Amino acid sequence: MTSDPLGWAFPPWTRAEAQAVYDLPFNDLLFRAQTIHRENFDPNRVQLSRLLSIKTGGCPEDCGYCSQSSHHQSGLKASKLMEVQRVIAEARKARDAGATRYCMGAAWRSPKERDMDAVVAMVEGVKALGMETCMTLGMLDLDQAQRLKQAGLDYYNHNIDTSERYYSEVISTRTFAERLDTLANVRDSGIKVCCGGIVGMGEEKADRIDMLVTLANLPEPPDSVPINLLIPIEGTPLGKADPIEPIEFVRTIALARIMMPKSHVRLSAGRTAMSDEMQALCFFAGANSIFVGDTLLTAENPGEDKDSALFCRLGIKPAAVICRSTVFSRRGSPTGR
């Protein structure tokens, strides 16, 4: 690994190097993360995304955390793919409420050819609203990824979930290598990668570190790194998992920021279980993106009133587009760093 004159390290990262950073005294870790964050982003701007489930339930995968798996008894009923115009109408509401990125998720192992025309139309429709577009549809082959790119898809989300070592403890129907293959197809098509994971699934500290090492050492680090706090859901294998200690979660956010300095680090699922103080620490540690709205796919999310109140208390403002050292308004004019 190399480093700059200040001693900040650059990839490729080893586990030992990443763990040494993770294990720093907490104040030193946060100082380092905040310093790197300020070098790349406005520290008081947070990007807002909204997530819509365009096809819920009935997924053939057996992910141990997921209420949408057909293998689990979560009580969630499967639905059909939403109509294109309804998706666009929901995206318009999200845009008018301040969201700048619209993420659409379908509970599939991979999209079927019969569904691709509708999915492409959704991307085109949301893009026409002036929003960034993101989708998560399961595994993609290269042809599917290229078609989505042509439609205007900006981001594709496909999480690796955890470390390669722990992965088989959570999922058996799709391999870790298959997830990396999809990321390669997305990257090769020119779509930006959104990829992170879930903590609190019974993994060890080393697994959280290894997950971030894998992400940071990709040919290009993900543009967005969602860090999810497990929401235990009754009827799933992880429905009674013990929660992760909050300081350990903040350490994970800080390490993600340090290892991937130019990526958006997103507080994703699990914010309903976080105190305002825990979220504030996460923002200080380098998180600069959240999902807004009452639900994330099928899970609860803090309401927009609560998020607005927290932002007001912290002096944080929504960011339309965050580009390294310059923040742009929705009209495209610089608003300052």
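In this text, all values refer to a predicted model and were calculated from it rather than measured experimentally. Sequence order sets the numbering: in each chain, residues are counted from 1 along the sequence as written. Reporting of local features is limited, given that this is a predicted model, to residues whose pLDDT is at least 70; pairs of side-chain atoms are given and counted only at 80 or more, and all residues count toward the totals for whole chains, interfaces and linings. To get the side-chain values, all heavy atoms of the structure are used, and hydrogens and water are removed first.

S.K.: For this particular structure, what's the right way to read the overall build of the chain?
M.R.: Looking only at helices and strands, one finds 11 helices and 14 strands in the chain. When a residue's accessible area, from a 1.4 Å probe over protein chains only, is under 20% of the maximum for its type it is buried; when over 50% it is exposed; and in between it is partly exposed. The 337 residues of the chain split such that 55% are buried. Calculation of accessible area relied on Shrake-Rupley with a 1.4 Å probe; when residues are assessed, cover is drawn exclusively from the protein chains displayed. Just so you have it, the chain exposes about 14,600 Å², and 50% of that area is on carbon and sulfur atoms. Only DSSP runs of H or I covering at least 4 residues are called helices, and only runs of E covering at least 2 are called strands; the numbering of each starts at the N terminus.

S.K.: Please clarify how helix α9 (residues 246-259) should be interpreted in this entry.
M.R.: Think of an α-helix as turning once every 3.6 residues; residues three or four places apart then point the same way. Along its 14 residues, α9 runs 20 Å from first to last C-alpha, staying within 8% of the 20 Å computed at 1.5 Å per residue. In terms of residue burial, α9 counts as a mostly covered element, since 11 of its 14 residues are buried. Identification of polar contacts relies on pairs of N or O atoms within 3.5 Å, with a donor-acceptor requirement for protein atoms, meaning one able to donate a hydrogen and the other able to accept it, and with residues adjacent in sequence counted only if both atoms are side-chain atoms. The N-terminus of α9 is capped by Glu 245, whose side-chain oxygen sits 2.9 Å from the backbone nitrogen of Ile 247. Given a helix with a known number of residues, its expected span is that number minus one, times 1.5 Å.

S.K.: Mind showing me how you'd approach the packing of aromatic side chains here?
M.R.: The geometry of an aromatic ring pair is captured by two quantities: the separation of the ring centres and the angle between the planes. Any pair of Phe, Tyr and Trp rings, taking the six-membered ring for Trp, is counted once the centres come within 6.5 Å. Such a pair is stacked with planes under 30 degrees apart, edge-to-face with planes over 60 apart, and tilted for the rest. Enumeration according to the criterion identifies 2 aromatic pairs in this entry. Taking the centre distance of 5.6 Å and the plane angle of 80 degrees together, the rings of Tyr 167 and Phe 176 count as edge-to-face. Overall, the relative accessible area of 3% leaves Tyr 167 in the buried class. Here Phe 283 and Phe 311 contribute two aromatic rings whose centre-to-centre distance is 6.1 Å and whose plane-to-plane angle is 80 degrees, an arrangement assigned as edge-to-face. With a gap of 28 residues between them, Phe 283 in helix α10 (residues 276-284) and Phe 311 in helix α11 (residues 304-314) connect regions that are remote in the sequence. With respect to class, Phe 283 is no different from Phe 311; both count as buried. Working rule: Lys NZ or Arg CZ, within 6 Å of ring centre, within 35 degrees of ring normal, means a charge sits over the ring. The ring of Tyr 155 carries the charged tip of Arg 101 above its face, separated from the ring centre by 3.7 Å. Seen from the ring of Phe 291, Arg 266 lies directly overhead, with NZ or CZ sitting 5.0 Å from the centre.

S.K.: What's the story with the pattern of salt bridges in this structure? I'm lost.
M.R.: Working definition: two side chains of opposite charge can pair if their charged atoms are close together. A pair is scored as a salt bridge if a Lys or Arg side-chain nitrogen falls within 4 Å of a carboxyl oxygen belonging to Asp or Glu. For the coordinates displayed, the defined rule picks out 18 salt bridges. Residue Glu 61 pairs with Arg 109 through a salt bridge whose shortest N-O separation is 2.9 Å. Here the residue Glu 61 occupies a position in the loop between β1 (45-55) and α3 (84-96), and Arg 109 occupies one in the loop between β2 (101-106) and α4 (113-128), the gap between them amounting to 48 residues. Asp 96 is the partner of Arg 95 in a salt bridge, and the nearest nitrogen-oxygen pair spans 3.2 Å.

S.K.: Would you mind showing me how to read the pairing of strand β9 (residues 289-292) here?
M.R.: On a regular strand, each side chain points to the face opposite its neighbour's, so the side chains alternate between the two faces of the sheet. In β9, alternate side chains face the same way, and those of Ser 289 and Phe 291 on one face and Ile 290 and Val 292 on the other are all buried. Two strands are counted as paired when DSSP detects at least two bridges linking them. In this sheet, β9 lies alongside β1 in parallel orientation, the contact comprising 4 bridges. Bridge assignment links Leu 48 to a residue of β9, and that residue is Ile 290. Pairing analysis gives 2 bridges linking strand β8 (residues 264-267) to β9, with the strands arranged parallel.

S.K.: Sorry if this is basic, but what is going on with the nonpolar core here?
M.R.: Only buried residues count toward a nonpolar core, which is a set of Ala, Val, Leu, Ile, Met, Phe, Trp, Tyr and Cys residues joined through side-chain atoms within 4.5 Å. Ranked by size, the top nonpolar core spans 92 residues in total, and within it Tyr 65, Met 135, Leu 148 and Phe 249 carry the most contacts. Contact criterion: two residues are considered in contact whenever any of their non-hydrogen atoms come within 4.5 Å of each other. Among residues more than four places away in sequence, those in contact with Leu 148 are Met 116, Val 119, Val 120, Val 123, Met 135, Leu 137, Leu 140, Leu 153, Tyr 156 and Ile 191. Counting residues in hydrophobic clusters, the runner-up holds 5 residues, among them Leu 51, Cys 103, Tyr 155 and Phe 291.

S.K.: So what exactly am I meant to see when it comes to the packing of α4 against helix α5 (residues 142-151) here?
M.R.: The description of two packed helices rests on the angle between their axes and on the distance between the axes. As a rule, the C-alpha atoms of each element are fitted with a line to give its axis, helices using only the stretch in contact, and angles between N-to-C directions run from 0 to 180 degrees. Where α4 contacts α5, the two axes come as close as 9 Å, and the packing angle between them is 30 degrees. Taken together, the axis directions place α4 and α5 in an arrangement best described as roughly parallel. The crossing of α4 and α5 is right-handed. Listed contacts from α5 to Glu 113, Met 116, Asp 117, Val 119, Val 120, Val 123 and Glu 124 of α4 are Gln 144, Arg 147, Leu 148 and Ala 151. Classes in brief: Ala, Val, Leu, Ile, Met, Phe, Trp, Tyr, Cys and Pro nonpolar; Asp, Glu, Lys and Arg charged; the others, Gly included, polar. Residues belonging to the contact of α4 with α5 are distributed by class as follows: 6 nonpolar, 1 polar and 4 charged. Our angle categories are set so that under 35 degrees counts as roughly parallel, over 145 as roughly antiparallel, 65 to 115 as roughly perpendicular, and the remainder as oblique. Two helices crossing with the near one rotated counterclockwise from the far one by less than a right angle form a left-handed crossing, whereas a clockwise rotation gives a right-handed crossing.

S.K.: Whenever I open this one, the side chain of Asp 210 confuses me. Can you help?
M.R.: Relative to the helices and strands, Asp 210 is located in helix α8 (residues 205-216). Once residues within four sequence positions are removed from consideration, Asp 210 is found in contact with Arg 15 and Ser 163.

S.K.: What exactly am I supposed to notice about the packing of helix α1 (residues 15-22) against α9 here?
M.R.: Following both chains from N to C, one finds α1 and α9 inclined at 125 degrees, their axes separated by 9 Å at the closest point. Classified by the angle their axes make, α1 and α9 are oblique. Judged by the twist between their axes, the crossing of α1 over α9 is right-handed. For the pair α1 and α9, contact is made by Ala 18, Val 21 and Tyr 22 and by Glu 248, Arg 251, Thr 252, Leu 255, Ile 258 and Met 259, respectively. Considered class by class, the residues forming the contact of α1 with α9 number 6 nonpolar, 1 polar and 2 charged.

S.K.: Is there a simple way to explain unusual backbone geometry in this structure?
M.R.: Glycine aside, negative phi is the norm for most residues, and most peptide bonds take the trans geometry. Even without a glycine there, the phi angle at Asp 161 is positive, about 75 degrees. Topologically, Asp 161 is positioned in the loop between β4 (155-157) and α6 (164-167). A residue is classified by how much of its surface remains accessible, and Asp 161, at 2% relative accessible area, is buried.

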